[in-house]
Amino acid sequence: MKYIIEHFGKVYKWHLIEYKHISKIVGKNNLIFTNVKGKKDELLKLGKVYSESVAELGLDSICILDPAAKKILDSRDCKKFQYLVFGGILGDYPPRERTKDLLTVKMPTVETRHLGKEQFPTDNAVYVAHEIAKGKEFNDLKFESDIEIEVGKKLSVHLPFKYVVVNNKPLMSEELIEFLKKRKTI
Ligand SMILES: C[S@@+](CC[C@H](N)C(=O)[O-])C[C@H]1O[C@@H](n2cnc3c(N)ncnc32)[C@H](O)[C@@H]1O
C-alpha cells in the first residue's frame, strides 16, 4: 500500500512534524506528497514529492480518506486499493468538511472511505489506515478524543481531535509535544 498526502498551501512547521511522523509510520518508500507548490527539500527526505495534484497523476486503484464518506475503511478494501489518499489539512474545530471540499471534489469518481465521523490529525488517520491495511479493523483499535497536553506548569493545550491509543497513550510524536511546549498555544 502507498500513502499519498495531498498537501494544500504552505508547509508549516506543524505539517512538517506530522509528515515526519507519517514517514516513520509507513516508511519513506511508501509515502508520496502531491500538490506541493513551494520548496520540496524537507519533504524529499520523507518520501516522493510531486508538484502536481494526485488528481493529475492518472493513478488507478485509489481511495480517498474523507470523514464525509459514506463507508468505513475495512481490511478487505485495502486488498483492492493500491493508494490511500489523505488531505494534508490541519484539523479545524468545528470541522468544516474541508477534505470533501478541497480533495474529494477534485476526483468525483474515486472511491471514498471514512474512519468514523470524528476528525483525526493526518498522522493518526494514516496510522489507523495502515493498521487496517495490515489486517486489523477499525473497531479493534482504541481511541481517545479531546485530549489535553501539558505544556508547562499549570498550563495545558486542548486538542479537540480524535487520537488512536498506542501503548496506552494518544499517538503523538515527541517532536510535536516539544513544539507545543515551546509554542504554548495552538
Ligand atoms: C486533520 S484531518 C482534516 C479534516 C478536515 N477538518 C475535514 O473536516 O475534512 C486531515 C486528513 O486526515 C484524514 N482524516 C482525518 N480524520 C478522518 C476520518 N474520520 N475519516 C477519514 N479520513 C480522516 C483525511 O484524509 C483528512 O483530510
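In the block above lies the structure referred to throughout.
We now turn to the structure provided with this report. (Residues numbered from 1 in each chain as written. Predicted model: local features only at pLDDT ≥ 70, side-chain atom pairs only at ≥ 80, totals over all residues. Heavy atoms only, no water.)

### Observations regarding the packing of helix 1 (residues 13-26) against helix 6 (residues 174-183)
Alright, step 1. Running from amino to carboxyl end, helix 1 crosses helix 6 at an angle of 160°, the nearest separation of the two axes being 9 Å. Regarding the angle of helix 1 to helix 6, the classification is roughly antiparallel. The two elements helix 1 and helix 6 meet at a crossing, and its hand is left-handed. Where helix 1 approaches helix 6, its residues K13, W14, I17 and K20 are matched on the opposing element by E175, L176, F179, L180 and R183. (Axes fitted to C-alpha atoms, helices over the stretch in contact; angles between N-to-C directions. Helix = DSSP H or I, 4+ residues; strand = E, 2+ residues; numbered from the N terminus. Parallel < 35°, antiparallel > 145°, perpendicular 65-115°, else oblique. Left-handed = near helix turned anticlockwise from the far one by under 90°. Contact = heavy atoms within 4.5 Å.)

### Some details on helix 5 (residues 122-133)
Alright, step 1. Between the first and last C-alpha of helix 5 there are 16 Å, a value that for 12 residues agrees with the 16 Å anticipated at 1.5 Å per step.
Alright, step 2. Most of helix 5 sits out of view: 11 of its 12 residues are buried.
Alright, step 3. Turning to helix 5, its buried residues number three or more, namely T122, D123, N124, A125, V126, Y127, V128, A129, H130, E131 and I132.
Alright, step 4. In this structure, the buried side of helix 5 is in contact with strand 1 (2-7), helix 1, helix 3 (75-80), strand 5 (83-88), strand 7 (143-152) and strand 8 (155-166).
Alright, step 5. Taken from the residues just after helix 5, G135 is the one with a positive phi, measuring 120°. (Expected span 1.5 Å × (residues − 1). Buried < 20%, exposed > 50% of the residue type's maximum accessible area, 1.4 Å probe, protein only.)

### Brief notes about the sheet that holds strand 7
Alright, step 1. Judged by pairing direction, the sheet is antiparallel, and its three strands sit side by side in the order 7-8-9 without closing on themselves. For this open sheet the edge positions go to strand 7 and strand 9 (169-170), each flanked by a neighbour on one side alone.
Alright, step 2. Here strand 7 runs beside strand 8; their pairing, made up of eight bridges, is antiparallel. When the bridges of strand 8 are listed, E148 appears paired with H158.
Alright, step 3. Seen against the sheet, helix 6 touches strand 7 and strand 8 and runs at an angle of roughly 50° to strand 7. (Pairing = 2+ DSSP bridges.)

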